[in-house]
Amino acid sequence: MSAQFVVFHGSVVHTPTRGSLCVLPSAIVGVDGAGRIAFVSELKDQDVHHAVKTAMAQSGIGEDTQFQLKSLTRGQFLLPGLIDTHVHAPQYRFVGGATDKPLMEWLNHYTFPSEARMKNLSFADEVYRKLVKRLLKNGTTTALYFATIDLEPTKLLVDICAEYGQRACVGKVCADINSPSFYIESTSASISATESFIAYVHAKHPPHSPSFPGGSHPLIHPVVTPRFIPTCSPALLAGLGALAARHNVRVQSHISESLDQVAFTRSMYPLDSPQHFGSDARIFDSHGLLNKAVMAHGVHLTSADLQLMAERGAAVACCPLSNVFFAHGNLDVKRCWRENVDVGLGTDVAGGPLTTLVQAMRWAVGNARQIESTKTAAPAADSPSPVISWKDALYLATLGGAKALSLDEHVGTFEWGKEFDALLIDVNPSWDTSWDVFEEERGAGTGAGIETGADSAESDIERIEMWVEKFINLGDDRNIADVYVKGKRVAGCA
Ligand SMILES: [Zn+2]
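Per chain, residue numbering runs from 1 following the sequence as it is written. Given that this is a predicted model, residues contribute local features only at a pLDDT of at least 70 and side-chain atom pairs are listed and counted only at 80 or more, while totals for whole chains, interfaces and linings are drawn from all residues. Computation of side-chain values covers all heavy atoms of the structure but excludes hydrogens and water.

## Brief notes about the overall build of the protein
Reasoning step 1: Numbering of helices and strands runs from the N terminus, with a helix taken as a DSSP run of H or I at least four residues long and a strand as a DSSP run of E at least two residues long. Looking only at helices and strands, one finds 15 helices and 16 strands in the protein.
Reasoning step 2: Its C-alpha atoms give the protein a radius of gyration of 23 Å, near enough to 23 Å, the size a compact globule of 494 residues would have.
Reasoning step 3: Overall, the C-alpha framework of the protein stretches about 75 × 55 × 40 Å when taken along its three principal axes.
Reasoning step 4: When a residue's accessible area, from a 1.4 Å probe over protein chains only, is under 20% of the maximum for its type it is buried; when over 50% it is exposed; and in between it is partly exposed. Among the 494 residues that make up the protein, the fraction classed as buried is 58%.
Reasoning step 5: Counted over contacts in the protein with a minimum sequence separation of 6, partners at least 24 positions apart contribute 73%.
Reasoning step 6: Taken as a whole, the protein presents about 19,000 Å² of accessible surface, with 51% of it coming from carbon and sulfur.
Reasoning step 7: Positive charges are assigned to Lys and Arg, negative charges to Asp and Glu, while His and the chain termini are left out of the count. Every charge is mapped onto a representative atom, which is NZ of Lys, CZ of Arg, CG of Asp or CD of Glu. The distance from the centre of the 42 positive side-chain charges to the centre of the 54 negative ones in the protein is 4 Å. Only C-alpha atoms enter the radius of gyration, while the globule expectation follows 2.2 Å times N to the 0.38, with N the number of residues. Any two residues whose heavy atoms approach within 4.5 Å at even a single point are treated as in contact. Residue exposure ignores everything except the shown protein chains as possible cover, and the areas themselves are Shrake-Rupley values with a 1.4 Å probe.

## Considering the coordination of the zinc ion
Reasoning step 1: The rule for donors is simple: an N, O or S atom within 2.8 Å of the metal counts, and for Na, K and Ca the reach is 3.2 Å. Water is not among the atoms, so a site may look short of donors. Coordination sphere of the zinc ion, protein contribution only: H86 (NE2), H88 (NE2) and H254 (NE2), at 2.0 to 2.1 Å.
Reasoning step 2: On the primary sequence, the residues serving as donors to the zinc ion are separated as H-x1-H-x165-H. Residue H88 is located in strand β6 (residues 82-88), and its partner H254 is located in strand β10 (residues 250-255); the two are separated by 166 residues in the primary sequence. Across this residue pair, the class does not change: H88 and H254 are buried.

## So, the packing of helix α10 (residues 320-327) against helix α12 (residues 357-373)
Reasoning step 1: Convention adopted: a line fitted to C-alpha atoms gives each axis, helices being fitted over their contacting stretch, and angles between N-to-C directions are expressed from 0 to 180 degrees. Contact geometry for α10 and α12: axes closest at 7 Å, N-to-C directions at 55°. One finds that α10 runs oblique with respect to α12. Across the interface between the two elements, P320, L321 and V324 from α10 touch A360, W363, A364 and N367 from α12.
Reasoning step 2: For the contact of α10 with α12, the class distribution of residues is six nonpolar, one polar and no charged. An angle below 35 degrees is treated as roughly parallel, one above 145 as roughly antiparallel, one from 65 to 115 as roughly perpendicular, and anything else as oblique. Only Asp, Glu, Lys and Arg are considered charged, only Ala, Val, Leu, Ile, Met, Phe, Trp, Tyr, Cys and Pro nonpolar, and every remaining residue, Gly among them, polar.

## A closer look at helix α2 (residues 103-116)
The α-helix winds at 3.6 residues per turn, so residues separated by three or four positions along the chain end up facing the same way.
Reasoning step 1: The largest bend along α2 measures about 35° and falls at Y110, with the proline P113 one to four residues further on.
Reasoning step 2: Those residues of α2 that fall on the buried side of the exposure criterion are L103, M104, W106, L107, T111, F112, S114, E115 and A116.
Reasoning step 3: Against β6, α7 (259-268) and α10 lie the buried residues of α2. One axis is fitted to the seven residues ending at the residue and one to the seven starting there. The bend at that residue is the angle between these axes.

## Observations concerning the pattern of salt bridges
Reasoning step 1: When a carboxyl oxygen of Asp or Glu is within 4 Å of a side-chain nitrogen of Lys or Arg, the pair counts as a salt bridge. On inspection of all chains with the given rule, the structure shows 23 salt bridges.
Reasoning step 2: Notably, a salt bridge pairs R129 with E163, separated by 2.9 Å at the nearest N-O pair. In this pair, R129 is assigned in helix α3 (residues 121-137) and E163 in helix α4 (residues 151-164), connecting sequence segments 34 residues apart.
Reasoning step 3: Given the relative accessible area of 22%, R129 is considered partly exposed.

## Observations concerning the side chain of E185
Reasoning step 1: Residue position: E185 is located in the loop between β8 (167-174) and α5 (187-204).
Reasoning step 2: Residues contacting E185, with those up to four places away along its chain left out, are I149, K172, V173, C174, A175, D176 and S190.

## Topic: the nonpolar core
Reasoning step 1: What we call a nonpolar core is a set of buried Ala, Val, Leu, Ile, Met, Phe, Trp, Tyr and Cys residues that are connected through their side-chain atoms within 4.5 Å. Formed by 130 residues in total, the largest nonpolar core has its most connected members in F77, Y128, Y145, L157, M309, L345 and F471.
Reasoning step 2: Per-domain counts for this core show at least three residues from each of domain 1 (5-80 + 415-491) and domain 2 (82-404).
Reasoning step 3: Setting aside anything within four residues of it in sequence, one finds F77 in contact with S11, V13, L72, L423, L424, I425, V427, W467, V468 and F471.
Reasoning step 4: If you look at the next biggest cluster of nonpolar residues, it comprises 16 residues, including L24, V31, F420 and Y484. What fixes the domain bounds is an automatic or database domain assignment.

## Digging into the domain arrangement of the protein
Reasoning step 1: Along its sequence, the protein is carved into domain 1 (5-80 + 415-491) and domain 2 (82-404).
Reasoning step 2: The centre of domain 1, based on its C-alpha atoms, is set 32 Å off from the matching centre of domain 2.
Reasoning step 3: Each side of the interface is counted separately: domain 1 has 32 residues, and domain 2 has 27 residues.
Reasoning step 4: Throughout, the accessible surface (probe 1.4 Å) given up by two parts as they are put together, summed over both, is called the buried area. Across the interface of domain 1 and domain 2, roughly 2,800 Å² is buried in total on both sides, 61% from carbon and sulfur atoms.
Reasoning step 5: Taken together, the links from domain 1 to domain 2 amount to four salt bridges.
Reasoning step 6: Between E465 and K391 there is a salt bridge, and its shortest N-O distance comes to 3.3 Å.
Reasoning step 7: Breaking the side of domain 1 that touches domain 2 down by element, the ones donating at least two residues are β5 (76-80), α15 (453-474), β15 (480-485) and β16 (488-491).

The structure is reproduced here in structure tokens:
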């Protein structure tokens, strides 16, 4: 799509609140040359061109503005782009394998050697290009990345995301203790390299671009990234907390992930030591690292931890399949929500052997069912259910992730002023006839079951809801026809 005004006409779906789906069976979405949404209007029986002209006039867009009309066909709909809140870019090399060890052993055996290899820039270039292209193809328009402890390959990841047009938050990993000799840095080197990295990203993607109207929101953001408490000395944590505050940048790390990790942290901060803070959350907070942070996993967070995170505006990245392999439990998403903690969804490449949030959505729903089904005692009648729906899962993968990353003013739903990060989903591929069953039941396509008036509008919404549910439960990249970031087509199978 060139830098011109484009109007999409067709079905539009998003989740402006948890658990609810907003379906516009026939809508027009105007996207300006800078990739921002200029209007979203629902059509009743109006002529499309007339409706576009009306929407343009109401939006203060000149009557003579030329536009390209992109009409969606039956079985196609727009979804907000998916937001992956936890990806280890260098681990893409072994994603899908290395599923045989507990977390602390897995790190030493697979992860540290693989991450260290990224020092070789040509190798890193190959791995990162494949990863970014793969994630975009799978509909991930925004990713929160851990890179490695090395500055140059981390800068390379930023440049590759920008080249392919993926929105990204990227962190140089920090680790000054409890790491192998070939993959460790000094405290001062870790802090100074992190500051250099922030300067590099801010120089290329200035953080203070004027928002709508005028300029656009930066595509890439730097993130202060202590790997996790076991590999970071108190001095490093304190230095990184100061950096995050000074440069007003996000923080990401891992928190209360698994029983072996929690035990390791306890051994570092024993109960009777003056450094004892009580939990991962308290340790991060004591070093200024919880403010607006995105913390991965959080399976073993206490209620007090969650309350502290809510006070600091910190979010959890739910990594449902990774939790199955490493965390000794599942994250109760609804418990986080009850404590007012935002939750995004993560693949956790490569802790989670998957590269698509479409599968992660399924696992999130399944994990919640597992929590429900493995309760040892009959729950009290007023006990809150942990079960989440596919609509909740879609919220996690879109607006939930945007909120976790403090990007919800810019992406996550289709609203005026936001940037057009979107997927054009097509549920009419010839390879899977199961999509058609619901249509046949209703008699659609033959005209026999087509209703009129209010009933017709209701059945349109029901049908589209079924398409979305089927996409989440059965779909893959073959159903993702187009992927847009900031209004620009960056991937897709069409
Ligand atoms: Zn991780």
